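Tertiary structure, described
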Amino acid sequence: MTENSLKAQFRTVFDRAPSWRVNAPSRINLIGEHIDYCGGRVLPMAIQGGTTVVSAENDSDMIRVYTERFSDRVSLKIRPDHSPGFYGDWRDYVAGVVSCLSRSESRVVGHDLYVTQSAGTAGLSTSASFCLALAKSLSPKSSEVELARICQQVEHEFARVQCGIMDQMSIALGGVIYLDCQALRWQVASSDLDDVVVVVMDTGKARTLAGSAYNERVSELHQVAQSFGAEDIDNLVSAPATDFLPPHLAKRFRHVTTEHRRVAQAFEAIQSRDWSTLGQLMTASHESLRDDYEVSCRELDCMVELALKQDGVLGARMTGGGFGGCAIALAERLSVSQWMPVVAAAYQQQTGIFPDLFEAEPAPGLSRQSC
Ligand code: GLA
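I will try to describe carefully the structure that is included in this document. Here the residue numbering is sequential within each chain, running from 1 through the sequence in written order. Local features in this predicted model are restricted to residues of pLDDT 70 or higher, and side-chain atom pairs are both shown and tallied only at a pLDDT of 80 or more, whereas totals for entire chains, interfaces and linings draw on every residue. To get the side-chain values, take all heavy atoms of the structure and skip hydrogens and water.

As a working rule, side chains carrying opposite charge can pair if their charged atoms are close by. Any carboxyl oxygen of Asp or Glu that lies within 4 Å of a side-chain nitrogen of Lys or Arg is treated as forming a salt bridge with it. Across all of its chains, the model carries 20 salt bridges by this definition. Three or more residues joined by partner-sharing salt bridges are found here, namely Glu216, Arg217, Glu220, Lys251, Arg252 and Glu294.

Below, the structure is given as structure tokens:
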């Protein structure tokens, strides 16, 4: 949507002019899946198509939000203790951002906000993008890391998902980053993929139950950590190998340690532009998520298998939390127009769902400008 039509929409809803525009991208993860919450390193890439918020202060103690996605609005008092789960829908995230920001150092004042989000590509961190765009609009002076931590807290408390901080950091910082989730240090990885491209393949399978299954994996890793005598999972990626775990926990732990190794190798491959090695590591990551961590599903496996059969595809994997949502393929740039329709048709034939495939380019992180 153009800036002028956004301003016009804001005027229609709030009867005045907006002052600021904030953009938050969405994200995919090249590799490093399900290890951000146990001290791992990850390689996410911010991509186009997230959230845009236009806003203005409203001289009150209320946050008023209108979202185009649901043609719905909410008005909330600025206070630190909204009840998690009170609304049972998108408004809980607004309540979460308002509460968590109010508890932080930030001084939040009343605002009117008009939100647009690009048509939902499930699993590309729509909620993190939404929360960061709101948080940046309400607290523009907070640092990226602070906003990322606050929005992670919102997911923990208000969506009850014990997620890591990868999505929030990726969206806040933009580009491709090699992020150490324990130390919260990062390096910008080369985002110039020259003759290769990342294709996003949305399976169209809703991520139902993804939250509960996600928390179940986190709690399994807590059991692994306990068996090592560790109090927490925040450095599990570096724990030594052991023979003493029951089989299902041994598989979970094997994913964590092998994935952590693959991410370091993938970062080197990107820096040395060794795309075929990067592709192989991505495919190995998918196998590990499917067989050891067990967070894939029939639709994701089908999409990955179909992509891997195509000429020019160097690797493919699920991306994000799993149980539906999106897969990605790394492919030679010139090959994609040939095979994308082939994969889409074959996928539809096998699953009955029409998928959405598109090329993704690295996008800038959170930004705010006057409008
Ligand atoms: C979700 C979470 C992230 C991360 C991924 C899996 O996107 O929000 O913190 O754990 O799943 O890698």
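For the rest of this paragraph, the subject is the site of the ligand. As a matter of local geometry, the ligand sits amid Arg27, Glu33, His34, Asp36, Tyr37, Cys163, Gly164, Met166, Asp167, Tyr214, Gly320 and Gly321. Here a polar contact means two N or O atoms within 3.5 Å. Within protein one must be a hydrogen donor candidate and the other an acceptor candidate, and residues neighboring in sequence count only if both atoms are side-chain atoms. Arg27 is positioned such that a nitrogen or oxygen atom in its side chain is 3.0 Å from an oxygen atom of the ligand. All accessibility values rest on the Shrake-Rupley procedure with a 1.4 Å probe; residue burial counts only the protein chains present in the view. Computed on the free molecule, the ligand has an accessible area of 310 Å², of which 92% lies beneath the protein chains in the complex. In this classification, Asp, Glu, Lys and Arg are treated as charged, Ala, Val, Leu, Ile, Met, Phe, Trp, Tyr, Cys and Pro as nonpolar, and every other residue, Gly included, as polar. Residues of the shell around the ligand, tallied by class, amount to four nonpolar, four polar and four charged. For every domain, the bounds stem from an assignment made automatically or drawn from a database. No fewer than three residues from each of domain 1 (3–189 + 364–370) and domain 2 (196–360) sit in the shell around the ligand. Whether a residue is near a molecule or strand depends on its heavy atoms: it is near if one of them lies within 4 Å of it.

Classification of ring pairs uses Phe, Tyr and Trp, with its six-membered ring standing for Trp, and accepts pairs whose centres are within 6.5 Å; under 30 degrees between planes counts as stacked, over 60 as edge-to-face, and the remaining range as tilted. Per the counting criterion, the structure on display carries eight aromatic pairs. Ring geometry for Phe10 against Phe14: centres 4.8 Å apart, planes inclined by 45 degrees, an arrangement best described as tilted. Here the residue Phe10 and the residue Phe14 both occupy positions in helix α1 (residues 3–14), the gap between them amounting to four residues, near one helical turn. You'll find Phe10 and Phe14 in the same group, each marked buried. Arranged with centres 5.3 Å apart and planes meeting at 20 degrees, the rings of Tyr66 and Tyr114 form a pair that is stacked. Taken as a pair, Tyr66 in strand β4 (residues 62–67) and Tyr114 in strand β6 (residues 111–117) lie far apart in primary sequence, 48 residues in all. No difference in accessibility class separates Tyr66 from Tyr114, as the two residues are buried. The cationic tip of Arg368 hangs over the ring face of Trp20; the distance from NZ or CZ to the ring centre is 3.4 Å. Think of it this way: any DSSP run of H or I at least four residues long counts as a helix, any run of E at least two long counts as a strand, and we number them from the N terminus. Only protein chains enter the area calculation, which uses a 1.4 Å probe; residues under 20% of their type maximum are buried, those over 50% are exposed, and those in between are partly exposed. Definition used: whenever NZ (Lys) or CZ (Arg) falls within 6 Å of the ring centre and also within 35 degrees of the ring normal, the charge is taken to sit over that ring.

Here we come to the packing of helix α2 (residues 91–103) against helix α3 (residues 126–138). The axes used here are C-alpha line fits, helices contributing only the stretch in contact, and every angle between their N-to-C directions lies in the interval 0 to 180 degrees. Closest axis-to-axis distance for the α2/α3 pair is 10 Å, and the angle between their directions is 45 degrees. Judged by the angle between their axes, α2 and α3 are oblique. In this structure, α2 crosses over α3, and the sense of that crossing is right-handed. Contacts from Tyr93, Val94, Val97, Val98 and Leu101 of α2 reach α3 at Ser127, Phe130, Cys131, Leu134, Ala135 and Leu138. Its residues assigned to classes, the contact of α2 with α3 shows 10 nonpolar, one polar and no charged. Each angle gets one of four labels, with under 35 degrees taken as roughly parallel, over 145 as roughly antiparallel, 65 to 115 as roughly perpendicular, and the rest as oblique. Here a crossing is taken to be left-handed if its near helix is turned anticlockwise relative to the far helix by less than a right angle, and right-handed if that turn runs clockwise. By definition in these notes, contact holds between two residues if any of their heavy atoms fall within 4.5 Å.

Two strands pair if DSSP finds at least two bridges between them. Strand order in the open sheet formed by four strands is β10-β11-β9-β12, with antiparallel pairing between adjacent strands. A strand with exactly one partner marks an edge of an open sheet, and here the two such strands are β10 (313–318) and β12 (356–360). This sheet shows a mean twist of 20 degrees between the axes of neighbouring strands, independent of strand direction. Two elements, strand β9 (residues 196–202) and strand β11 (residues 326–332), share seven bridges in a ladder whose sense is antiparallel.

As for its position among the elements, Pro246 is in the loop between α6 (210–227) and α7 (247–271). On the accessibility criterion, Pro246 (36% relative accessible area) is partly exposed. When the C-alpha atoms of Pro246 and Val224 are compared, they prove to be 9.4 Å apart, with 22 residues separating the residues in sequence.

Before going further, it helps to examine the nonpolar core. Within soluble globular proteins, side chains that are nonpolar generally end up buried alongside one another. Here, nonpolar core means buried Ala, Val, Leu, Ile, Met, Phe, Trp, Tyr and Cys residues that are tied together by side-chain atoms lying within 4.5 Å of each other. Counting 82 residues, the largest nonpolar core has Ile28, Leu30, Leu43, Met201, Leu221, Trp339 and Leu357 as its most contacted members. If you tally residues by element for this core, the top one is α7, at eight residues. Residues from two domains meet in this core; each of domain 1 (3–189 + 364–370) and domain 2 (196–360) gives at least three. Not counting chain neighbours up to four residues away, the residues in contact with Leu30 comprise Leu43, Pro44, Met45, Val176, Val198, Ile270, Met282, Arg317 and Ile328. In terms of nonpolar packing, the next biggest core, distinct from the first, is built from 32 residues, Ala95, Val98, Ala133 and Val154 among them.

To continue, consider the environment of Ile270. Among the secondary structure elements, Ile270 is positioned in helix α7. It is 8.2 Å that separates the C-alpha atoms of Ile270 and Leu193, two residues lying 77 residues apart in sequence. Those residues in contact with Ile270, other than ones at most four positions away along the chain, are Leu30, Leu43, Ser190, Trp275 and Leu278.

Before going further, it helps to spend a moment on the packing of α3 against helix α4 (residues 144–158). Taken N-terminus to C-terminus, the directions of α3 and α4 make an angle of 125 degrees; their axes are 9 Å apart at the nearest point. Taken as axis vectors, α3 and α4 run oblique relative to one another. Along this stretch, α3 crosses α4, giving a crossing that reads as right-handed. Contacts from Ser127, Ala128, Cys131, Leu132, Ala135 and Lys136 of α3 reach α4 at Glu144, Leu147, Ala148, Cys151, Val154 and Glu155.

The side chains of a regular strand alternate between the sheet's two faces. Sheet topology note: the β4/strand β5 (residues 72–77) ladder contains six bridges and is antiparallel. By the bridge assignment for β5, Val65 is matched with Val74. From the end of β4 to the start of β5, which pair antiparallel, there are four residues, and Ser71 there has a positive phi angle of about 45 degrees. Sheet topology note: the β4/β6 ladder contains five bridges and is parallel.

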